[in-house]
Amino acid sequence: MKISEDEKWIRAALEEGRRGIGFTAPNPPVGAIIVKNGIAIARGWHHKVGSPHAEKDALSKLKEEEAQGATVYVTLEPCSTHGRTGACTEALISAGVSKVVYGACDPNPSHSGGADKILESAGIKVVTGILEEECQDLIRGFSTVQTLGRPWLIAKTAMSLDGRITRPKGEGQWLSGTEAREEVQQLRTEADAILTSGETIRRDNPALTLRGSGISSEKPQPWRVVMTQQGLAQKDFQIFEDEWKDRTLIFQNQNKYDVLRTLAEQHGVNTVLLETGGSLLGSFLDEGLIDELVIYLTPLVTGGPSVAVGGQGAETLEERLNLKNVRIHQVGRDICARGIVNRESLKPLDR
C-alpha cells in the first residue's frame, strides 16, 4: 500500500521525536522535518525542557529565507502561547513557510486547535491528524498528565513460567538473565521516575540507577520514589547515601493517585516506571492506574508464595485488562512482552 507524502514525512518526524523520549519532561517529545521541493532540508527534535522546540530546532539549521515556501511536518500541534522559548507559531510565520502538517493536537484543552487559527490567518495551509495514533503514542506521558493529572505508569516485572518471583534465601535479586537486565536499563531511560515499595528496598537494597552501555550522559537520573507504610531507616540503604541521594523521594501512607499527582505537579514527571514486588504492583492494577506492562518471562518454575502480580484481581469482565499494540521478543534466555492497557474494549476470552 502506497503511503502519502504527508504520512512519509510525519513518519520521519516521529523518528526524530523518539530521540527525545525520557529527556523532555515536563514537556513532550516532538519531532519536525522541513521539506522543500520534495526534499528534507532540515530536521529537528525537542532535546530537553528549556531548549528550542522541534520546529525551532529544525529552523535553526537553515539560513535566513531558506524556509520560505517550505512545508513543516511536526508530530504535535505547534505551540501558540509564550513559554520559555516563545511560540512556535510565530517562528513558523516569521520563517515564511507555506504549509504546516501535524499529527496530534495539543492535549491541553486551552491550547488545542489554537495553532490552526493563528497559522491560517497568516495564510499558511494547515493539515492535521496525519498518523495521529502514532503521534499520540509518542506523547502519551505528557497527555496523561494533561488529561488525568498524573503520569503515565509503566509496570515492569520479571517472573517464572508459573508466574512467581519466589527466590531461595541468599540468592541475588534477579530472576531474568543478563541480557534482559541490560534491556531494563534502556527501559529506565524512558522514565522520569522509578517507583518501588519499602519492602523491595528492605529486601533487595536496589540502586535504581542508570547503568550499562548506550545510555546518554544527557539523560537525568530518574527520581527514585519509595512508597512505604512502615517507613525506612535511611542510613541502611544505598538510595539514601549514593551520589543521587537528592533524587530519592519517600511517600509514607499516601494514596497512590496522590503520589502520582505530586510527581507530575511538583517534580515534572510525565512517565513513571513501576519496579516492585507483586503486592504493590497488584494494588496499582486493582486501582486502574497501570497504563502499560513490560513482562519478562524467564524459563524457570519456582513455585512458592511470591507471585509477580498480586492484589485482589479481576472479578468481572470489565475489570480484566486487555493489552493492545503488544510486542513480543526474545532477549537472551527470556521472553519479553510489552503492551498498552486497552481501556476502550474488553472481550470475553475464546474458550
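Residues numbered from 1 in each chain as written. Predicted model: local features only at pLDDT ≥ 70, side-chain atom pairs only at ≥ 80, totals over all residues. Heavy atoms only, no water.

Student: With reference to specific residues and values, describe unusual backbone geometry.
Tutor: The amide bond that connects Ala25 to the next residue, Pro26, takes the cis arrangement and shows omega of 5°. As for its position among the elements, Pro26 is in the loop between α1 (5-17) and β1 (31-36). The phi dihedral of Asn37 falls on the positive side, at around 55°, and the residue is not glycine. The residue Asn37 is located in the loop between β1 and β2 (39-45) in this model. Even without being glycine, Glu65 reaches a positive phi, approximately 75°. Within the secondary structure, Glu65 is located in the loop between α2 (54-59) and β3 (71-76). (Helix = DSSP H or I, 4+ residues; strand = E, 2+ residues; numbered from the N terminus.)

Student: An account of the state of the cysteines is needed here, citing residue identities and associated values.
Tutor: Enumeration over the complete set of coordinates arrives at zero disulfides. Cysteine Cys79 is unpaired, with the sulfur of Cys88 as its nearest cysteine sulfur at 3.6 Å. (Disulfide = S-S within 2.5 Å.)

Student: Which residues make up the pairing of β3, and what are the values?
Tutor: Most of β3 sits out of view: six of its six residues are buried. Pairing analysis gives four bridges linking β1 to β3, with the strands arranged antiparallel. Looking at the pairing, Ile33 lines up with Tyr73 of β3. Looking at chain direction, β3 and strand β4 (residues 99-104) are connected through five bridges and run parallel. Bridged to Tyr73 within β4 is Val101. (Buried < 20%, exposed > 50% of the residue type's maximum accessible area, 1.4 Å probe, protein only. Pairing = 2+ DSSP bridges.)

Student: Before we move on, can you summarise the pattern of salt bridges with the specific residues and values?
Tutor: Applying the stated criterion across every chain yields a total of 19 salt bridges. In this structure, the salt-bridge partner of Glu275 is Lys156, at a minimum N-O distance of 3.6 Å. Placement of Glu275 in strand β10 (residues 271-275) and of Lys156 in strand β6 (residues 152-159) is noted, with a sequence separation of 119 residues between them. Of the two residues, Glu275 and Lys156, both sit in the buried class. One salt-bridge network, held together by shared partners, links Asp137, Arg140, Glu190, Glu292 and Arg338. (Salt bridge = Lys/Arg side-chain N within 4 Å of Asp/Glu carboxyl O.)

Student: Please set out the packing of aromatic side chains residue by residue, giving values where relevant.
Tutor: Here the structure, examined in full by the defined rule, presents one aromatic pair. Relative to Tyr73, the ring of Trp9 has its centre 6.5 Å away and its plane inclined at 35°; by these criteria the two rings are tilted. On the criterion of sequence distance, the pair formed by Trp9 in helix α1 and Tyr73 in strand β3 is long-range, its members being 64 residues apart. Tyr73 matches Trp9 in its accessibility class, with the two residues each being buried. Lys219 extends its terminal NZ or CZ atom over the ring of Phe23, reaching a point 6.0 Å from the ring centre. Directly above the aromatic system of Trp223 lies the positively charged group of Arg247, at a separation of 4.0 Å from the ring centroid. (Phe/Tyr/Trp six-rings, centres within 6.5 Å; stacked < 30°, edge-to-face > 60°. Lys NZ or Arg CZ within 6 Å of the ring centre and 35° of its normal.)

Student: If you had to explain a negative patch on the surface to someone new, which residues and values would you point to?
Tutor: There is a patch of like negative charges on the surface, built from Glu132, Glu133, Glu134 and Glu344. Mapped onto the secondary structure, Glu134 falls in helix α5 (residues 132-138). For Glu134, a relative accessible area of 30% puts it in the partly exposed group. (Patch = residues over 30% accessible without salt bridge, like charges linked within 9 Å, V, L, I, M, F, W, Y side chains within 5 Å. Areas by Shrake-Rupley, 256 points an atom, 1.4 Å probe, with all protein chains shown as cover. Lys, Arg positive; Asp, Glu negative; His and termini not counted. Charge placed at Lys NZ, Arg CZ, Asp CG, Glu CD.)

Student: I'd like to hear about the sheet that holds β1, residue by residue, with values.
Tutor: In a beta sheet, neighbouring strands pair by backbone hydrogen bonds and run either parallel or antiparallel. If you walk across this open sheet you meet the five strands as β2-β1-β3-β4-β5, and the pairing is mixed. Two strands lie at the open edges of the sheet, namely β2 and β5 (125-127), each paired on one side alone. Direction aside, neighbouring strands of the sheet carry axes that sit 20° apart on average. (Axes fitted to C-alpha atoms, helices over the stretch in contact; angles between N-to-C directions.)

Student: Tell me about the environment of Ala155, and name the residues and values.
Tutor: As for its placement among the helices and strands, Ala155 is situated in strand β6. In this structure the C-alpha to C-alpha distance between Ala155 and Leu274, which are 119 residues apart in sequence, comes to 4.6 Å. Apart from residues lying up to four places away in sequence, Ala155 is in contact with Leu274, Leu281, Ile290, Glu292, Leu293 and Val294. (Contact = heavy atoms within 4.5 Å.)

Student: Quick one: what's the story with the packing of helix α3 (residues 88-95) against helix α4 (residues 114-121), residue by residue and with numbers?
Tutor: One can describe the packing of α3 onto α4 by two numbers: an axis separation of 10 Å at closest approach and a directional angle of 20°. Accordingly, the angle class assigned to the pair α3 and α4 is roughly parallel. For the element pair α3 and α4, the recorded crossing hand is right-handed. Between α3 and α4, the residues in contact are Thr89, Leu92 and Ile93 and Ala115, Ile118 and Leu119, respectively. (Parallel < 35°, antiparallel > 145°, perpendicular 65-115°, else oblique. Left-handed = near helix turned anticlockwise from the far one by under 90°.)

Student: Could you give an account of the nonpolar core, naming the residues involved and the relevant values?
Tutor: Counting residues in each nonpolar core, the largest one holds 40 residues, and the members touching the most others are Ile34, Val97 and Val100. Broken down by element, the residue count for this core peaks at five residues, all from α1. Excluding residues within four positions of it along the chain, Val100 makes contact with Val72, Val74, Pro78, Leu92, Leu119, Ile124, Lys125, Val126 and Val127. By size, the runner-up hydrophobic cluster in this structure holds 22 residues, among which are Ala155, Val259, Leu260 and Ile290. (Core = buried A, V, L, I, M, F, W, Y, C linked by side-chain atoms within 4.5 Å.)

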